[in-house]
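# Geometric and topological summary
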Amino acid sequence: MDLRGLVPVAVLLVGWEAVSRSGLTDPRIVPPLEGLLGLLRVEVAQQSLLANLAASVVRDLTGFAIGASIGVAGGVLLGLSPLASVLLRPSFDVFRQIALFAWIPLIAMWFGIGEASKIVFVALAAFTPTLINTVEGTRSASLRLVEVGTLLRYRRWQMLHAIYLPAALPSILTGVHLALIQSWLATIGAEYFMTAGPGIGTLIIEGRDRFQMGQTVLGMILIGVVGFLLNRIARAAEHWLLRWRVA
Amino acid sequence: MPTATISGPDRAAPGRGFGFARQIRLIGAGLLVPLLGLVVWTVGARAGWVPPQILPAPDVVWDTALDLWQSGDLFANALISLQRVILGFAAGATLGLLLGTAMGLSKPFEAYAHVLFTALAQVPALGWIPLVMLLVGIGEPLKLIIIAVGTLVPVAWNTRAGIRAVPLGWFEAASLWRYSRAQVVWYIVLPAAVPQIFVGLRYGLGHAWLALVVVELLASSEGLGYLLVWGRQMFQLDVVIATMAVIGVIGFTLDAALAAIERRLQRWQVADQ
């Protein structure tokens, strides 16, 4: 590993510590680093951090699973049925122009500010990229393979199972990967706006409300770490599921 | 690539005939579902299946939209949002271009900046909001910084990737012609990297728009996001829905505008191949 990469990180940390020690700033706004570590230890000991983290991740994955499943199912339908595509695709394309977070007030009105709203919102975030990519994928099945299937008198589900889905898999996985990133973003956003219940987003907002920079920074780091891990896991899963393609 | 854009017969499009008549039929079919939805929505609202606080009738939404438009509220708030997004995007894109170019061109700079940039890029713009709020308050700088952060990351990544993809031979040719460093960047690197840079800019603009909505929802007393919050607090879903529609239209227009510029800038490429 190239150690030069650590230089700016060190500069940032030392600078932070220096500013904090200088006494020119409010220690709540620029807490010393050891304070941050202490906070981490306290939070971990009280298990509140873990509870918040677990709540966010469970929320994220639940919404993601619902949204991605509907997205894949809908994508297969729109990809394979020209009729469904002609009827539904334009409406879908109009709706997806609305910036994701603009849905929050409407969803909050419809589903309250509890768990249901958050999960609906996360599911919505996961739904769009999976649907788009699944449609692309099913359409990318080579005509020759489809002809082979017809020749073998495959039934509908056999066609789907043996030809369309394998052909669509790379694209579907791209969509699922994007959905995973989007739904993590949506989870944090949902927790910002619908602050009932535990979660990392709630933790960060609380930190801001109480002028506790340490708590906010800790939450941000967790957002980054979880996002990074989700991304890594998705990439590994993609590799593993597509290993047949290498040959 | 140009062959890819001239697609074959659309497999999704049933029906015989070509050109105009077919287009009309497709558009008609596409309108079927929204119209049906509109009918159900109208009937449902009229019959009182759902209270107006949950879903106001379409004509109420339409009237509200017209009111908001005529009173100038919608326009004023949209203008404020647009201004914010354009300023924040310009700042973020400039920084992203500089950073991406530096990382793409200079190996030592890349070696120094890579770790910190990658780490910071893991936190989405959304995650920065509370921190920046603590530092600069909830005024205008907050909005600009968050929008700029959202823009910067994809622009920097893609600029770097685009520059890295420039064939080495082109640099050799440039050194044969004794190009100065600035000339190399201006005449060789940037034109070659334009497609990828534009990918970054389009992502950046998308992120900027999203970041704007979030930051206005969270802390603002004007702008489209504020209109959404206000509508919700007043239990006026007609305002919320009308504003969502405007957000959709502006988001679409921004992306379409950038796509048009992209096509224009890349025309030489098509001729080239």
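The rules we used
- Residues numbered from 1 in each chain as written.
- Chains lettered and ligands numbered in written order.
- Predicted model: local features only at pLDDT ≥ 70, side-chain atom pairs only at ≥ 80, totals over all residues.
- Helix = DSSP H or I, 4+ residues; strand = E, 2+ residues; numbered from the N terminus.
- Rg over C-alpha atoms; globule rule 2.2 N^0.38 Å.
- Contact = placed C-beta atoms within 7 Å.
- Expected span 1.5 Å × (residues − 1).
- Buried ≥ 20, exposed ≤ 12 C-beta atoms within 10 Å, placed from the backbone.
- Domains from an automatic or database assignment.
- Nonpolar A, V, L, I, M, F, W, Y, C, P; charged D, E, K, R; others polar.
- Axes fitted to C-alpha atoms, helices over the stretch in contact; angles between N-to-C directions.
- Parallel < 35°, antiparallel > 145°, perpendicular 65-115°, else oblique.
- Left-handed = near helix turned anticlockwise from the far one by under 90°.
- Core = buried A, V, L, I, M, F, W, Y, C linked by C-beta atoms within 7 Å.

## Some details on the overall build of chain A
- Across its full length, chain A carries ten helices and zero strands.
- Ordered by position in the sequence, the α and β elements of chain A form the string α-α-α-α-α-α-α-α-α-α.
- Taking 2.2 N^0.38 as the reference for a compact globule, 247 residues should give roughly 18 Å; the C-alpha atoms of chain A span a radius of gyration of 23 Å, well beyond that estimate.
- Restricting the contact set of chain A to residue pairs at least 6 apart, pairs at least 24 apart contribute 73%.

## Points about helix α6 (residues 125-136) of chain B
- For α6 of chain B, with twelve residues, the first-to-last C-alpha span of 15 Å sits near the 16 Å given by 1.5 Å per residue.
- Listing the buried residues of α6 of chain B in full gives Ala125, Leu126, Gly127, Trp128, Ile129, Pro130, Val132 and Met133 of chain B.
- Buried residues in α6 of chain B make contact with α8 (156-193), α9 (200-209) and α10 (213-241) of chain A together with α7 (140-164) and α9 (181-218) of chain B.

## A short note on the domain arrangement of chain B
- Partitioning chain B into structural domains gives domain 1 (16-49) and domain 2 (65-272).
- Summarising the inter-unit geometry, the C-alpha centres of domain 1 of chain B and domain 2 of chain B are found 35 Å apart.

## Comments concerning the interface of chain B and chain A
- Opposite the 44 residues of chain B that make contact, chain A presents 48 residues.
- Put simply, the parts of the chain that give the side of chain B that touches chain A at least two residues each are α2 (19-47), α5 (107-121), α6, α9, α10 (224-233) and α11 (237-265) of chain B.
- Residues that form the side of chain B that touches chain A fall into these classes: 35 nonpolar, seven polar and two charged.

## Describing the packing of helix α7 (residues 143-151) of chain A against α8 of chain A
All names here are of chain A.
- Running from N to C, α7 and α8 cross one another at 175 degrees; their axes reach a closest spacing of 10 Å. Of the possible angle classes, the one that applies to α7 and α8 is roughly antiparallel. Here α7 contributes Leu145, Val146 and Gly149 to the contact with α8, which in turn contributes Met159, Ala162, Ile163 and Ala167.
- For the contact of α7 with α8, the per-class residue count stands at six nonpolar, one polar and no charged.

## Focus: the packing of α9 of chain B against α11 of chain B
All names here are of chain B.
- Contact pair α9 / α11: the axes reach a minimum separation of 10 Å and the direction vectors enclose 170 degrees. Considering their axes alone, α9 and α11 lie roughly antiparallel with respect to each other. Between α9 and α11 lies a crossing whose hand is right-handed. Contacts between α9 and α11 involve Val194, Phe198, Leu201, Arg202, Leu205, Gly206, Trp209 and Val213 from the first element and Ile247, Gly251, Leu254, Asp255, Leu258, Glu262 and Leu265 from the second.
- Split by residue class, the contact of α9 with α11 holds ten nonpolar, two polar and three charged.

## Looking at the nonpolar core
- Of all hydrophobic cores here, the largest spans 118 residues; its most connected members are Ile146, Val213 and Val214 of chain B.
- Take this core: its biggest share by element is 16 residues, from α9 of chain B.
- Excluding anything up to four places from it in sequence, Val214 of chain B contacts Phe101 and Gly189 of chain A together with Leu126 and Ile129 of chain B.

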